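# Chain and residue survey
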Amino acid sequence: MLLELDRDAPQPTADPAFRRDIIEGFSRFPKSTPPIWFYDRRGSELFEEITRLPEYYPTRVETAMLSAHCGEVGAVTGPGRAVVEFGAGSAIKTPHLLSAIAPAAYVPVDISGDFLRESSAVLAAQFPDLPVVPVEADFTKAVALPKGIAAMPKLGFFPGSTIGNMTAAEAVDLLRTMRSSLGEGAMLLIGMDRVKDIGVLVSAYDDAAGVTAAFNLNLLARINRELGGTIPVEAFAHRAIWNDDAARIEMHLEARRDVDFTIDNIRFSMCAGETIHTENSHKYGPRDARLLLRAGGWEPLREWIAPDDMFAMILAKA
Ligand code: AVI
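Since we're looking at a predicted model, the values are computed, not measured.

### With respect to the sheet that holds strand β11 (residues 275-282)
The four strands are arranged β1-β11-β8-β7 in an open sheet whose pairing can be described as mixed. Two strands bound the open sheet, and with one partner strand each, they are β1 (31-32) and β7 (236-243). Contacting β7, β8 (248-255) and β11, helix α9 (residues 211-226) runs over the sheet at an angle of about 60° to β8.

Pasting the structure below:
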C-alpha cells in the first residue's frame, strides 16, 4: 500500500545547495565536494550497478547477514515498529528486515524523489498490507515524520555503511539527529564496514568494469548539465586510494592535464595531477564502531559480524 509522498516534510533544496557546495568545494585547495551530489538519477542507477559488482562486497555481505539474522533482530525489536530507512532501500536488502520484524509501517527517506518513488512502489507491491510512506528529504538534517508515523515506536534502518561516508564529527551529528527524529524508545539497525585487506578495499572502489569510475565522473557531467559548467570530463580520471591514517578509502577525480573551465560563469583552473576529493568511505574496527554509536547517543545492544570480519551489523537503542 503506497501512500503519497509527505508534502509537509522538508523538501530537498536541489539547485541552490548544489551550486553553493560545488562553488565552495572547487574554490578550496585541495578541491573537495560532498558525496551527496553523486546521486542524481544517473548516479543512483550507477550506484545500484556498483552494488552488484563482484568486487563491491558490502551489499552482498550485508544482505546475506540480514537474511541470516533478521529473525534475531525481530526478537529484540519486537513487532509493531515503524521502520524508518535512511536512504531509499534497495529492493534486495529491505524485504529481509520487513518480513522478519512485523512492522507497522515502512518509511523510506531519500533526497532523490524519483528513485524514492520507484523503490517505494517495488516495496509496496511486495508487501501489499504494509503502509509504505515515502518521505523526500535530506536525512542528514532532522526529518519531520508524517503525523501518523510520529506516534509509533520506531526502528531506524541505516544499512550499507553510508555512515562511513561522513567524518567522525558528521557521523556523530547524524546519529544524534536520527535519535531526535526517531524519538523516545527508538532502536537503530546500522551497517558498518570493517577495516580489512587493502587490496580488497581498493578493488571494491576501483572495479575492473569501470562502473565506480563512471559513478565518480558522473558528478562532473552533472555539474556541466545543471550548473552550466564547461568541465572537460574526458580530461579527468577516477582514483581510489586507501588512507591508512584516517582508515578510509578516498575517491578523487584527477586532472590528467592542465585544465581551465567555468562553472556558472566562474573560472577555475587545475594543474595536471591535481585532484578533486569527492568521497571518503571510512572503515571501522569493533571498538571504533561502538565508540561512534555511543558518541551519537545510541547504546549497542547486539552485534553481528560477517565471516572474515568483512562487515558489521549493529542494533542499538536510544
Ligand atoms: C553509499 N556508500 C556507502 C558507498 C560506499 O561504499 O562508501 C558509496 C560508494 N562509493 C563508491 N562505491 C560505493
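### Let's talk about the domain arrangement of the protein
Per the domain assignment, the segments of the protein are domain 1 (16-37 + 200-282) and domain 2 (57-196 + 285-317). Using only C-alpha atoms to locate each centre, domain 1 and domain 2 end up separated by 28 Å. Buried area between domain 1 and domain 2, summed over both chains or domains, comes out near 890 Å², and the portion from carbon and sulfur atoms is 61%. At the junction of domain 1 with domain 2, the criterion picks out zero salt bridges. Joining domain 1 to domain 2, the criterion identifies four residue pairs in polar contact (both at pLDDT 80 or more). Element by element, the count of residues in the side of domain 1 that touches domain 2 is highest for β11, at four residues. Residues that form the side of domain 1 that touches domain 2 fall into these classes: six nonpolar, three polar and one charged.

What counts and how
- Counting from 1, residues in each chain are numbered in the order their sequence is written.
- At least 70 in pLDDT is required for a residue's local features to be given in this predicted model, at least 80 for side-chain atom pairs to be given and counted, and no such filter applies to totals for whole chains, interfaces and linings, which use all residues.
- Each side-chain value is derived from all of the structure's non-hydrogen atoms; neither hydrogens nor water enter the calculation.
- Any two strands with at least two DSSP-identified bridges between them are counted as paired.
- Helix numbers and strand numbers start at the N terminus; a helix is a DSSP run of H or I with at least 4 residues, a strand a run of E with at least 2.
- Two residues form a contact once any of their heavy atoms are found within 4.5 Å.
- Angles here are taken between N-to-C directions and fall from 0 to 180 degrees, while the axes themselves are lines fitted to C-alpha atoms, restricted in helices to the stretch in contact.
- Domain segmentation is taken from an automatic or database assignment of domains.
- The term buried area refers to how much accessible surface (probe radius 1.4 Å) is lost by two components on association, counted for both of them together.
- Each salt bridge in this description consists of a side-chain nitrogen of Lys or Arg and a carboxyl oxygen of Asp or Glu lying within 4 Å of one another.
- The term polar contact refers here to a pair of N or O atoms within 3.5 Å; inside protein, the definition further demands a hydrogen-donor-capable atom paired with an acceptor-capable atom, and it admits residues adjacent in sequence only when both atoms are side-chain atoms.
- Just so you know the grouping, Ala, Val, Leu, Ile, Met, Phe, Trp, Tyr, Cys and Pro go in nonpolar, Asp, Glu, Lys and Arg go in charged, and all remaining residues, Gly too, go in polar.

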